[in-house]
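# Examination of the molecular architecture
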Amino acid sequence: MSWTQDCAGMAGLDAPARALLDTLAPLEVPKGATLFSPGEAVKGYVMMLSGQVDVNLVGPNGRDILLYQVAPGESCIQSTLGLLGGDAYTGEALAGTPCRLVLIPRDVFFALLDSSPGFRRLVFAAFAERMQAMMQLVENVSFLTVEARLAALILDRAGPDMCLRMTQAEIATAIGSAREVVSRRLDKMDQAGLVAHERGVVTILDAARLEEIRRGPAL
């Protein structure tokens, strides 16, 4: 079966472009696999069919920050920038879940950009959406307190049972902070009755007060 039939955003693709893409076989990637690392040359453009890839920026001190996550229908800005600008990867991509994806080689990518208006729209629409998300990340890290970013993460990612299932290290990466800082802030929230936290689980006790912290004063 054609993988392009099931791929988000492919509905407006012209038949020749779809036929060329269908010559590429999807890849199965296990959870935890490294898709690329800093300094590596960009191999191609990734189309996500299922699963999620986490792209992190790793600092000289070993700390990392979650730049973005790639889900079906979304683009990897590092790959797009590398293909268009010729630069190597600056981040690290890890499979957050088992993934099914298609890697479009560089020569096929540029051939499709040249020949298919539908493919060009697909690539640049996804690129623009990702850039907007990156600007939001920069704004959040630059102007929001750690407490506000932590409260927002807890509220946005908690499940129907009001529980967030992430380790403190994962939370720190997601909000651009250090694990030790997250630990102290969670302890304060716990003592204030806003959340209860144990290893790998944060349970919301007072969503209204967390919302106040999320909307609190900027840095």
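Residues numbered from 1 in each chain as written. Predicted model: local features only at pLDDT ≥ 70, side-chain atom pairs only at ≥ 80, totals over all residues. Heavy atoms only, no water.

### Observations regarding the side chain of S79
Along the chain, S79 turns up in helix 2 (residues 77-85). Judged by its relative accessible area of 0%, S79 falls in the buried class. Filtering out sequence-adjacent residues up to four positions away, S79 remains in contact with F36, V42, G44 and Y89. (Helix = DSSP H or I, 4+ residues; strand = E, 2+ residues; numbered from the N terminus. Buried < 20%, exposed > 50% of the residue type's maximum accessible area, 1.4 Å probe, protein only. Contact = heavy atoms within 4.5 Å.)

### Brief notes about helix 5 (residues 146-157)
Between its first and last C-alpha, helix 5 extends 16 Å over twelve residues, near the 16 Å set by a 1.5 Å rise per residue. Buried within helix 5 we find V146, A148, R149, L150, A151, A152, L153 and I154. (Expected span 1.5 Å × (residues − 1).)

### A look at the pairing of strand 6 (residues 92-95)
Taking every second residue as pointing to the same face, the buried face of strand 6 carries A93 and A95, while none of E92 and L94 on the other face is buried. Across two bridges, the pairing between strand 2 (residues 34-36) and strand 6 is antiparallel. Within strand 6, the position partnered with T34 by the bridge is L94. (Pairing = 2+ DSSP bridges.)

### So, helix 4 (residues 117-143)
Two residues of an α-helix separated by three or four positions point the same way, owing to the 3.6 residues in each turn. If you check helix 4, its first and last C-alpha atoms are 39 Å apart, about what 27 residues at 1.5 Å a residue would give, namely 39 Å. Listed as buried for helix 4 are G118, F119, L122, V123, A126, F127, R130, M134 and L137. For helix 4, the elements touching its buried residues are helix 1 (15-21), strand 3 (44-50), strand 5 (64-70), helix 2, strand 7 (99-105) and helix 3 (106-115).

### Description of the packing of aromatic side chains
The relative placement of two aromatic rings is captured by the distance of their centres and the angle of their planes. In this structure the tally under the stated criterion is five aromatic pairs. Arranged with centres 3.6 Å apart and planes meeting at 0 degrees, the rings of F36 and Y89 form a pair that is stacked. Of this pair, F36 sits in strand 2 while Y89 sits in the loop between helix 2 and strand 6, placing them 53 residues apart in sequence. Comparing F36 with Y89 shows no difference in burial state: the two are buried. Measuring from ring centre to ring centre gives 6.3 Å for Y45 and F119, while their planes differ by 70 degrees; the resulting arrangement is edge-to-face. Separated by 74 residues along the polypeptide, Y45 in strand 3 and F119 in helix 4 bring together distant segments of the chain. Assessed through its relative accessible area of 0%, F119 is described here as buried. Members of the aromatic cluster, connected to one another through ring pairs, are Y45, F109, F110 and F119. (Phe/Tyr/Trp six-rings, centres within 6.5 Å; stacked < 30°, edge-to-face > 60°.)

### Things to note about the UniProt feature "domain: HTH crp-type" (unreviewed entry) in the protein
Mapped onto the present numbering, the UniProt feature "domain: HTH crp-type" (unreviewed entry) falls at residues 144-208. Spanning residues 144-208, this segment combines 54% helix with 15% strand, and its end C-alpha atoms are found 18 Å apart. (UniProt positions renumbered as here; feature names shortened; annotations may be inferred.)

### Some remarks on the sheet that holds strand 10 (residues 201-204)
Here we have three strands laid out as an open sheet, ordered 8-10-9, and antiparallel in their pairing. Strands at the two margins of the open sheet, each flanked by one partner only, are strand 8 (163-164) and strand 9 (195-198). As paired elements, strand 9 and strand 10 share four bridges and run antiparallel to each other. Within strand 10, the residue paired with V195 across the bridge is I204.

### Regarding the sheet that holds strand 4 (residues 53-58)
Two strands in a sheet stick together by hydrogen bonds in their backbones, pointing the same way (parallel) or opposite ways (antiparallel). Across the sheet, which stays open at both edges, the four strands sit in the order 2-6-4-5 with antiparallel pairing between neighbours. With one partner strand each, in any of the chains shown, strand 2 and strand 5 form the two edges of the open sheet. Adjacent strand axes in the sheet meet at a mean angle of 30 degrees, parallel and antiparallel pairs treated alike. (Axes fitted to C-alpha atoms, helices over the stretch in contact; angles between N-to-C directions.)

### Looking at the nonpolar core
Of all hydrophobic cores here, the largest spans 41 residues; its most connected members are L21, M47, V55, I104 and F119. Per-element accounting of this core gives the leading share, seven residues, to helix 4. With residues near it in sequence (within four places) discarded, F119 still touches L13, L21, I104, F109, L112 and L113. One finds A178, V181, V182 and L194 within the second-largest nonpolar core, a separate group that totals 23 residues. (Core = buried A, V, L, I, M, F, W, Y, C linked by side-chain atoms within 4.5 Å.)

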